[in-house]
Amino acid sequence: MLKSTDSAEPDSPVCPERGALLDEVRRLAAPLLEAPPFTLNGQHKSALFTKALRALSRLHAYSCPQYRRILHSEGVDPDTLSETEQLPFLPTALFKRLKLCSVPEAELFKTLTSSGTTSQLRSQIFLDKESAQLQQRALIRTVSSFIGPARLPLLILDCPSVLKNRENFAARTAGVLGFSLFGRERCFALNDDMQLQAEAVESFLSRHLGERVLLFGFTYMVWQYLVEALRRLGRTLPLERGILIHGGGWKSLRAHAVDEQAFKAGVLERTGISEVHDYYGMAEQSGTVYVECEHGHLHVPDFAQIFIRDPHDFGLCGRGERGIVEVCSLLPRSYPGHCLLTEDEGVLLGEDDCPCGRLGRYFKICGRLPQSELRGCSDTYAATAP
Amino acid sequence: MIPMPQPHLDFGVLDDPKLRFCLGSKEQVRALPEQPALAIFSPQTLDFLELFSALLLEAAKGEPGRRFPELSALAFFCRRRELERQARRYADGLIRRGRGLVFHSTPANVPLNFAFSLIAGVLCGNANLVRLPAVDSEAGQLVIKTLSRCLERMPQFKERLVLVKYESSAQITALFSALCQCRVLWGGDETIATMRQAPLPPRAHELSFADRHALCLMQATQVASASESELRTLVQGFFNDTYRLDQNACSSPKLMIWYGTAAQHEQAAGRFWAALHALLKEKNYELPAAQAVAKLTRLYEGAACCELKHIATEDNLIVRAEAARAVPALTDCCGRCGLFYELRVDDLSQMLPWCGLKCQTLTYFGFERSELEHFLSSHAMPGVDRVVPVGHALDFDLVWDGYDLICELSRVVSVR
């Protein structure tokens, strides 16, 4: 079913073998993946990125017949691609409906699924060893820019059972595992009934008194199971030196009228944490995360790019204009997820000129497209909770 | 033989707070199966529907700017003369009367579908229990209000009609299924599969309306040579068939077939889509951003499975793709809110792969009825139950989806 090549097809391009194509991708993507993150300016990056993305598109067109036919339907030949924004973007929902894979089945390492309630279809993302490793390395490089290079004691705002079902790797699991890379010693803050284990947390923190501690969790879970739980218990946690990284979307919190300010204020009040970073990312492009800087802007790493598209004609929106978020990343090698149209609304805020000093584009997310199917990472639990 | 399990009647579920009565009461539900079946098109039924038609027309006219043309269509359908005309088709000397209680589970995609299903049940002389769609529509609310007014004036029909609403509940469905003599399931494959888990009494009959799709067949030269006003009428009709309900109905065409040479097709398609686009602008058709993305998703799903060419259009209102061949798999990749797959044919038989079991309606422009009759009768295709001119895709008829509803919802008494 999942074939790596299909040379019998009449529209099969004349192409060297996959290995050579992959080498070309590795060579062209290296400068963007291996430079210190957020150090390439727009002009410098653009040419490098387009070249690498072109090679990546060629690889996927060669390896994935469905992707090849999609490009064909748009009359796009990766070889003649001159601008990144000319590449067709696959809507993320396509990964729920089709099995899109660019490696032979034997080379599959794990399959990642997006979150979704049981009645919904889930995205299936096929990873080989190389893509999985790339994701990890890229995540470390990106996040280190915000929390520093040292591994820190890690408090996970989730339950231990999130790691149990690794066969059918869900987005929440992937998030927790991914961020575990940054942890020196790890402690789960919740039990499997989603109850805050205040004693265990306090004893963990007492072992790391005065140290910087990293906290990771999904946005609504941080709110519901940490901030609100502490409020109910009338307790606080001594985390003045903590750094909180959270993501997964605001949908369920907005429904409870909790915005970014209220969230940060609540976290500060109950834990003393003032260093809070939201991040944006999705299962269909895991490893590529857009982390919020101290000025509240989400930053695009060197190996990725974003565009904002006008829903009327999918043309590009200008800076400051609200539109549909398109994300490109050089990480996906085993599935054609390198250029995606999300179901999120966002605004491009600027490029190379954020006061935090990081180069590249920065943006904000406004939420899901209205009428869009519930698809956010951490909203899974919210949707199925009684 | 193993005896069929007898459905168990649990009237306790009538107290379930999930069950809401929009017309009638829970006491009436118990009495519904005892209502005597009337003859089809009986005079008292025609009186009732005549009143309904008049009151509905009044209600429709009361709405500013003819907001709900579908209400007028429904009122027209129920006019006495129209129904008498329909009745003549069954005047074959046989005794036909209702089967008893009909349980209708009706869909949300076409707001007034429940009314047509109900009216077919009423015309056949049945008592009717209707499960309304979960989503309210304004037009639907007006119909319910009008029905209620009719029942005040003709209370003898009160005991024969109950309208309810409930979110999925296997227990409620089980009771209603156990009470009825005929179950009518709308809403597509998934709903049918779920509802069918509830057993029916041994003598009961079921009518199910599965997921279907529709085609539109255009004679390219006729479109190319149409006068401006003919073209306007054509796109107006096409709009009503498709965009007016966001292509949500099974009978809304999603696959287009252009009959003609490549040059004729290019000329005709260019003219047609430009005129349709102008109409969409004029009508301020709004495409939600999520639907624009959904259309692209479906398009790429189609492109991944068969050879397609995405035709560039001015914006996302109309999304078109040309198929190289009538690949059947493409019929499963249809979208909503203005996504069209097109095929050019030199010979009508080239469209046959799209006329499979799932094909319900074929709309046409620029053909003689006799040409199409000849084509349909000379090919043994599993689908195509209904052929109507462009503009009539959503017109309800007592013959629907390949079923004669009057025959299906009534029984015949043979006397020799």
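About the criteria used
Residues numbered from 1 in each chain as written. Chains lettered and ligands numbered in written order. Predicted model: local features only at pLDDT ≥ 70, side-chain atom pairs only at ≥ 80, totals over all residues. Heavy atoms only, no water. Helix = DSSP H or I, 4+ residues; strand = E, 2+ residues; numbered from the N terminus. Pairing = 2+ DSSP bridges. Axes fitted to C-alpha atoms, helices over the stretch in contact; angles between N-to-C directions. Contact = heavy atoms within 4.5 Å. Salt bridge = Lys/Arg side-chain N within 4 Å of Asp/Glu carboxyl O. Polar contact = N/O pair within 3.5 Å; in protein donor to acceptor, adjacent residues only side chain to side chain. Nonpolar A, V, L, I, M, F, W, Y, C, P; charged D, E, K, R; others polar. Expected span 1.5 Å × (residues − 1). Buried < 20%, exposed > 50% of the residue type's maximum accessible area, 1.4 Å probe, protein only. Arc of directions from axis to C-beta. Core = buried A, V, L, I, M, F, W, Y, C linked by side-chain atoms within 4.5 Å. Domains from an automatic or database assignment. Buried area = accessible area lost by both parts, 1.4 Å probe.

### Brief notes about the environment of Leu21(A)
Then, number 1: For Leu21(A), the position within the fold is in helix α1 (residues 18–34).
Then, number 2: Separated by 244 residues in the primary sequence, Leu21(A) and Ala265(A) have C-alpha atoms spaced 50 Å apart.

### Observations regarding the sheet that holds strand β3 (residues 101–105) of chain B
All names here are of chain B.
Then, number 1: Spatially, β1-β5-β4-β3-β6-β7 is the arrangement adopted by the 6 strands of the open sheet, whose pairing is mixed. Each end of this open sheet is capped by a strand with a single partner; those strands are β1 (20–23) and β7 (205–208). With direction set aside, neighbouring strand axes in the sheet form an average angle of 20 degrees.
Then, number 2: With respect to the sheet, helix α5 (residues 113–123) is in contact with β3, β4 (127–131), β5 (161–165) and β6 (182–185), its orientation differing from that of β4 by roughly 165 degrees.

### Let's talk about the interface of chain A and chain B
Frequently, the measure chosen for interface size is the accessible area removed from exposure when the parts meet.
Then, number 1: In this assembly, 26 residues from chain A lie in contact with 21 residues from chain B.
Then, number 2: Counting across the interface, chain A meets chain B through 1 salt bridge.
Then, number 3: Note that Arg97(A) is salt-bridged to Glu301(B), the shortest N-O span being 2.9 Å.
Then, number 4: Our count for the contact surface shared by chain A and chain B stands at 7 residue pairs in polar contact (both at pLDDT 80 or more).
Then, number 5: The element that contributes the greatest number of residues to the side of chain A that touches chain B is helix α3 (residues 65–73) of chain A, accounting for 5 residues.
Then, number 6: Grouping the amino acids of the side of chain A that touches chain B by side-chain chemistry returns 14 nonpolar, 7 polar and 5 charged.

### Description of helix α10 (residues 260–271) of chain A
Because the α-helix completes a turn every 3.6 residues, residues three or four places apart line up on one side.
All names here are of chain A.
Then, number 1: A rise of 1.5 Å per residue sets the reference length of α10, with its 12 residues, at 16 Å; its end C-alpha atoms lie 16 Å apart and thus fit the reference within 8%.
Then, number 2: Looking at α10, one finds that the buried residues are Phe-263, Gly-266, Val-267, Arg-270 and Thr-271. Relative to the axis of α10, the buried residues are bounded by an arc of 100 degrees and lie together on one face.
Then, number 3: Elements in contact with the buried residues of α10: α8 (219–233), β8 (242–247), α9 (251–255) and β9 (275–280).
Then, number 4: Downstream of α10 by one or two residues, Gly-272 has phi in the positive range, about 80 degrees.

### Overview of the sheet that holds strand β9 (residues 253–259) of chain B
All names here are of chain B.
Then, number 1: Taken together, the 7 strands give an open sheet; going across it, the order is β10-β11-β12-β9-β8-β13-β14, and neighbouring strands pair in mixed fashion. Taken across any chain shown, the strands that pair with only one partner, and hence form the sheet edges, are β10 (308–311) and β14 (386–389). Going from strand to strand, the sheet's axes swing by 25 degrees on average, the running direction of each strand aside.
Then, number 2: Strand direction decides the pairing type here: strand β8 (residues 213–219) and strand β13 (residues 359–365), joined by 6 bridges, are parallel. Within β13, the residue paired with Ala-214 across the bridge is Thr-361.
Then, number 3: Running at roughly 170 degrees to β8, helix α10 (residues 228–241) makes contact with β8, β9, β12 (339–345) and β13 of the sheet.
Then, number 4: Strands β8, β9, β11 (319–323) and β12 of the sheet are contacted by helix α11 (residues 262–282), whose axis makes an angle of about 140 degrees with β9.

### Points about the nonpolar core
Then, number 1: Counting residues in hydrophobic clusters, the biggest one holds 127 residues, and the most contacted among them are Phe238(B), Phe272(B), Trp273(B) and Tyr341(B).
Then, number 2: The biggest single contributor to this core is helix α12 (residues 289–305) of chain B, with 9 residues.
Then, number 3: Apart from the residues within four sequence positions on either side, Tyr341(B) is in contact with Lys254(B), Leu255(B), Met256(B), Arg298(B), Leu299(B), Gly302(B), Leu308(B), Ala321(B), Leu330(B), Cys333(B), Cys334(B) and Trp354(B).
Then, number 4: Counting 58 residues, the second-largest nonpolar core is a separate cluster that includes Met221(A), Leu226(A), Leu230(A) and Tyr362(A).

### Side note on the domain arrangement of chain B
Residues and elements named next belong to chain B.
Then, number 1: Here chain B is partitioned into domain 1 (11–209 + 404–413) and domain 2 (213–389).
Then, number 2: Look at where the C-alpha atoms of domain 1 and domain 2 centre, and you get two points 33 Å apart.
Then, number 3: Of the residues lining the interface, 6 residues belong to domain 1; the matching set on domain 2 comes to 6 residues.
Then, number 4: Across the domain 1/domain 2 interface, buried area totals approximately 390 Å², and carbon plus sulfur atoms make up 56% of it.
Then, number 5: Of all residues in domain 1, Glu-70, Asn-109 and Val-110 give up the largest surface area on contact with domain 2, accounting jointly for 68% of the area buried on that side.
Then, number 6: Seen at the junction of domain 1 and domain 2, the total is 2 salt bridges.
Then, number 7: One salt bridge in this structure joins Arg-244 and Glu-70, with 3.4 Å as the shortest N-O distance.
Then, number 8: Our enumeration of links across domain 1 and domain 2 arrives at 2 residue pairs in polar contact (both at pLDDT 80 or more).
Then, number 9: Of the residues belonging to the side of domain 1 that touches domain 2, the class tally is 3 nonpolar, 1 polar and 2 charged.

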